[in-house]
Amino acid sequence: MHVTPGPAPADAHRLAAPWTVDVRFSHAGLAQYAAVWGALDCPSYPARALATGTLCLLGTMTARVERRPRVGEHLVVHSWTREERGRRFETSAAMVDSTGEFVARADSTWVAVKHQRAIAAARWLR
């Protein structure tokens, strides 16, 4: 879906990603609900974990779709970490249209993988 988050220009503790609704992820000219959820998923990754290369897995995600965006509509997904406790990150994401109106929002729980060194070693062996 090409929703690749990066640090928000004004705040490195937030992530942002543009998304344009593609016809492949639509029905009758509107984005499918699963596509909207998918577009909220990657940008909800914890910004600090992304910056430090910490691998996290999605634990839970709840979302609310205010409206299904149209094919070709340009949107931005913003995310931020609400809480960090041990290996657990609580994040929120908001999808907005070009006027700044909310299209969808989500709350997620991400959990850092316990054995980060083993993950790094496995990457190195490839």
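Further up the page is the structure itself.
Here goes a summary of the coordinates provided. (Residues numbered from 1 in each chain as written. Predicted model: local features only at pLDDT ≥ 70, side-chain atom pairs only at ≥ 80, totals over all residues. Heavy atoms only, no water.)

**Digging into the sheet that holds strand 1 (residues 6–8)**
To keep things clear, this is the line we draw: Two strands qualify as a pair provided that DSSP identifies no fewer than 2 bridges between them. Each helix is a run of H or I in the DSSP string that is no shorter than four residues. Each strand is a run of E no shorter than two, and both are numbered from the N terminus. Think of each axis as a best-fit line through the C-alpha atoms, taken over the contacting stretch in the case of a helix, with angles from 0 to 180 degrees between the N-to-C directions.
Pairing is antiparallel in the open sheet, where six strands are placed in the order 1-2-6-7-8-5. Two strands bound the open sheet, and with one partner strand each, they are strand 1 and strand 5 (56–65). Taking each pair of neighbouring strands and ignoring which way they run, the sheet shows an average axis angle of 30°. Direction of pairing for strand 7 (residues 88–96) relative to strand 8 (residues 102–112): antiparallel, over a ladder of nine bridges. Residue V96 lies in a different strand from strand 8, and its bridge partner there is F102.

**Examining the packing of aromatic side chains**
Each aromatic ring pair is characterised by the separation of its centres together with the angle its planes make. We apply this condition: Side-chain rings of Phe, Tyr and Trp, where Trp is taken by its six-membered ring, are said to pair if the distance between their centres is within 6.5 Å; with planes under 30 degrees apart they count as stacked, over 60 as edge-to-face, and otherwise as tilted. Geometrically, a lysine NZ or arginine CZ counts as sitting over a ring once it is within 6 Å of the ring centre and also within 35 degrees of the ring normal.
Counted under the stated rule, the structure contains one aromatic pair. For R68, the ring lying beneath its charged end belongs to Y33, and the centroid distance is 5.3 Å. Above the plane of the ring of F102 lies R105, whose end atom (NZ or CZ) is 4.0 Å from the centre.

**Some details on helix 1 (residues 33–41)**
Formally: Only protein chains enter the area calculation, which uses a 1.4 Å probe; residues under 20% of their type maximum are buried, those over 50% are exposed, and those in between are partly exposed. The directions from the helix axis to the C-beta atoms are what the arc is built from. Contacts between residues were defined by any pair of non-hydrogen atoms, one from each residue, lying within 4.5 Å.
Among all positions in helix 1, only A35, V36, A39 and L40 are buried. Summarising the axial view, the buried residues of helix 1 lie within an arc of 140°, below the 170-degree limit, and thus occupy one face. On its buried face, helix 1 sits against strand 2 (11–20), strand 4 (30–31), strand 5, strand 6 (74–85), strand 7 and strand 8.

**With respect to the nonpolar core**
Note the cut-off: In these notes, a set of buried Ala, Val, Leu, Ile, Met, Phe, Trp, Tyr and Cys residues joined through side-chain atoms within 4.5 Å is what counts as a nonpolar core.
Counting residues in hydrophobic clusters, the biggest one holds 18 residues, and the most contacted among them are W19, V36, L40, L75, M95 and A104. At the level of elements, strand 2, helix 1, strand 5, strand 6, strand 7 and strand 8 are the ones that each hand at least two residues to this core. A per-element tally of this core places helix 1 first, with four residues. With residues near it in sequence (within four places) discarded, A104 still touches V36, L40, R64, V65, E66, A93, A94 and M95.

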